[in-house]
Amino acid sequence: MNDSIRRARFSGLFRRQTLPRVLLTLSCLTLAGGAAAQQGPASQPQADPPKDDTPRDPAINPATTAAPPPAAAPVPAAPVPVINAGPEGFSISSADKQYQLKVRGVLQADARYFAEGKERNGNNTFLLRRFQPAFDATVAGLVDVRFLLDLAPNAQPVQDGYVDIHPAREFRIRVGKFKAPVGLERLQPTTALMFPEFALPTSLVPNREVGIQFSGDIAGGVLSYAVGAFNGSPDGGAADLNVDDNVELEGRLFSHPFRKSGLKLLEGLGLGISGTVGSEYGTLGATQEPTLRAEGQQTFFTYLSGATADVTVLASGRHYRFSPQAYYFTGPLGVMAEYVASTQDVRRGGEEARLTNTAWQLSASYVLFGGKASYEGLKPEHALNPAAGHWGAVELVGRYSGLSIDPNAFPIFADPARSANGAQSWGFGAHWYLSGNTRITFTGERTAFTGGAAEGGSRPTEFVFFNRVQVYF
């Protein structure tokens, strides 16, 4: 076979076998390159994801369910107000006692009997002597507010209304209307009074005053002080407004000298002194002169009055009071003593004088059973419960007091045929405490007068008996 024929056969064989293999190889390389282009670079090995152990509902598709939001931080619960109801009244306060509101009250229902016949000084009567709701509030633990009403007939509607700022026990500021810092018996809580009506010395001290007072307790109450500036009131009065544009200064120092001594027998001894100084000028509408009443609340002394200044006695100048006072309470025994001198410049037409009226009292109490005597009032150990053998507490009381009018008051400034120049009173009684909130009182008082009747005679002696039911909280 010649060379040309062999070359032709080789060429045909190459075309039949080699070309398909080349095309197959190129196709495989092309497919491999396309696959590599779709997959991208080879992934690097990674750590296993954290295992989620949260139980899952099989009906929920994790791929379509959004992850729950993170839990909110717990909000502290607001302190719950404290509500109380008990012997001291009803109250609501914050948990830390910095904000408080207390509701309290006093009701005194009396029966008053005069022993004399037709010539008796007063009428037998039932009466509502006091009906006093009280509201006490504390704000931020720093400020106290008191609002005391009296809804009894013929009483001043607002008895107390003041703000008390007390940054420390040694110093507090009181502004508004409140008891004047003078009379020992006047400053005693009305629920703790030994007798239904005040003794004669309380007729010569102011009742309530409107003004500003600074007070405090030093050394844990061994020494207490109170001093302030006020509008000024007549003896026994409670003026809401200043009628003469003058200011009266009033103050009191009271000490319990043995309170911290460890001498138990003398811890209940209290000694004090108080007084006022100022000027008062009356008018026909407000003479600034007192009307004095006995325990039966019958008037036994008044200054002359009329339609003109020529016949009406007016306060006209200096007015000052002086009152030493003391008490002693230990165990079942309680004793109180008080003296008051009140000096006032007066004028009637062209006549002027400086008159001094004086009064004193000595009172005592003894607890037969069920508690201890206290200036703030007896707290029985047990309420009345005969089934348990508890009968509350029983306290006996007695009092002797007197009052003298300046002799120079007669006859220019007072009528000796109508106004007595003196009174002496003694009384006795008993209290039965059914509980710490209820007291029943039985007392009798005899008051004898000097002068006050026609032709130089004396007013009829007054015999009066009281029965009082007192509820307070």
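Residues numbered from 1 in each chain as written. Predicted model: local features only at pLDDT ≥ 70, side-chain atom pairs only at ≥ 80, totals over all residues. Heavy atoms only, no water.

**Student:** Got a minute to help me understand the pattern of salt bridges in this structure?
**Tutor:** Where side chains of opposite charge bring their charged atoms close, a pairing between them can arise. Inspection of every chain in the model, using the stated rule, returns 19 salt bridges. A salt bridge links Arg172 to Asp164; the shortest N-O distance between them is 3.1 Å. Arg172 sits in the partly exposed class, given a relative accessible area of 23%. On the basis of relative accessible area, Asp164 is assigned to the buried category, the value being 3%. Close ionic contact of Asp240 with Lys177 constitutes a salt bridge, the shortest N to O distance being 2.6 Å. Of this pair, Asp240 sits in the loop between strand S9 (223-230) and strand S10 (248-255) while Lys177 sits in strand S7 (residues 171-179), and the two are 63 residues apart along the sequence. Take Asp240: its relative accessible area is 41%, and that puts it in the partly exposed class. (Salt bridge = Lys/Arg side-chain N within 4 Å of Asp/Glu carboxyl O. Buried < 20%, exposed > 50% of the residue type's maximum accessible area, 1.4 Å probe, protein only. Helix = DSSP H or I, 4+ residues; strand = E, 2+ residues; numbered from the N terminus.)

**Student:** Sorry, what's going on with the pairing of strand S17 (residues 393-404) here?
**Tutor:** Every regular strand shows the same layout, with side chains that alternate between the two sheet faces. In terms of strand pairing, strand S16 (residues 351-369) meets S17 through 11 bridges, oriented antiparallel. If you follow Phe369 over to S17, its bridge partner there is Val394. Strand direction decides the pairing type here: S17 and strand S18 (residues 420-433), joined by 12 bridges, are antiparallel. Residue pairing for S18: Gly398 is matched across the bridge by Phe428. (Pairing = 2+ DSSP bridges.)

**Student:** Explain the confidence of the model for the chain to me, please; I cannot follow it from the model alone.
**Tutor:** Low pLDDT means the predicted coordinates in that region are not meant to be read closely. Per-chain confidence: the chain averages 87 in pLDDT, with 84% of residues scoring 70 or above. Every residue in residues 1-60 is under pLDDT 50, and counting partners more than four places away or in other chains gives six contacts. (pLDDT = per-residue confidence, 0-100. Contact = heavy atoms within 4.5 Å.)

**Student:** Can you walk me through the pairing of strand S15 (residues 333-348) in this structure?
**Tutor:** Bridge analysis of strand S14 (residues 314-330) against S15 gives 12 bridges, and the strand direction is antiparallel. Bridge assignment links Phe329 to a residue of S15, and that residue is Gly334. Linking two consecutive strands that pair antiparallel, namely S14 and S15, is a turn of two residues; a positive phi of about 55 degrees is found at Gly331 within it. Where S15 and S16 come together, 16 bridges link them in antiparallel fashion. Across the sheet, the residue bridging to Val340 is Ala359, located in S16. The loop that links S15 with its antiparallel partner S16 comprises two residues; one of these, Gly349, has a positive phi angle of about 60 degrees.

**Student:** Looking at this model, I keep getting lost on the side chain of Asp345. Mind explaining?
**Tutor:** Within the element layout of this structure, Asp345 appears in strand S15. For Asp345, a relative accessible area of 12% puts it in the buried group. Engagement of the side chain of Asp345 in a polar contact is seen with the side chain of Arg354, the distance being 2.6 Å. In contact with Asp345, not counting residues within four places along its chain, are Leu314, Ala315, Ser316, Gly317, Arg318, Ala353 and Arg354. (Polar contact = N/O pair within 3.5 Å; in protein donor to acceptor, adjacent residues only side chain to side chain.)

**Student:** Explanation requested: unusual backbone geometry in the structure shown.
**Tutor:** Leaving glycine aside, a negative phi is the common case for residues, and trans is the common case for peptide bonds. Each neighbour pair has its own omega, and for Phe410 with Pro411 the value is 0 degrees, a cis peptide bond. Tracing the backbone shows Pro411 in the loop between S17 and S18. One non-glycine residue with positive phi stands out, namely Lys97, at about 65 degrees. Summarising the element assignment, Lys97 is placed in the loop between strand S2 (89-93) and strand S3 (100-114). Lys97 sits in the partly exposed class, given a relative accessible area of 39%.

**Student:** Looking at this model, I keep getting lost on the packing of aromatic side chains. Mind explaining?
**Tutor:** Within this structure, the stated rule accounts for 12 aromatic pairs. On the numbers, 5.8 Å between centres and 80 degrees between planes, the contact of Tyr162 with Phe178 is edge-to-face. Of this pair, Tyr162 sits in strand S6 (residues 158-168) while Phe178 sits in strand S7; the two residues are 16 residues apart in sequence, bridging distant segments of the chain. Considered together, Tyr162 and Phe178 belong to a single accessibility category, that of buried residues. When the centroid spacing of 6.1 Å and the interplanar angle of 20 degrees are considered together, the rings of Phe171 and Phe214 count as stacked. Residue Phe171 is located in strand S7, and its partner Phe214 is located in strand S8 (residues 208-218); the two are separated by 43 residues in the primary sequence. Seen from the ring of Tyr162, Arg174 lies directly overhead, with NZ or CZ sitting 4.2 Å from the centre. Against the face of Phe178 rests Arg174, its NZ or CZ located 5.5 Å from the ring centre. (Phe/Tyr/Trp six-rings, centres within 6.5 Å; stacked < 30°, edge-to-face > 60°. Lys NZ or Arg CZ within 6 Å of the ring centre and 35° of its normal.)

**Student:** Teacher, can you tell me more about the nonpolar core here?
**Tutor:** Nonpolar side chains in soluble globular proteins generally cluster together in the buried interior. Within the largest apolar cluster, 24 residues are counted, with the highest numbers of intra-cluster contacts made by Leu292, Phe300, Phe301, Leu403 and Ile405. Elements represented by at least two residues in this core include exactly strand S13 (299-302), S15, S16 and S18. Apart from residues no more than four positions distant in its own chain, Leu403 is found in contact with Leu200, Leu204, Leu292, Phe300, Thr358, Ala359, Asn421, Gly422, Ala423 and Gln424. (Core = buried A, V, L, I, M, F, W, Y, C linked by side-chain atoms within 4.5 Å.)

**Student:** Help me understand the environment of Arg347, please; the structure alone is not making it clear to me.
**Tutor:** Within the secondary structure, Arg347 is located in strand S15. Along the primary structure Arg347 and Tyr281 are separated by 66 residues, whereas in three dimensions their C-alpha atoms are 9.5 Å apart. Within polar-contact distance, the side chain of Arg347 engages the side chain of Ser316 at 3.4 Å.

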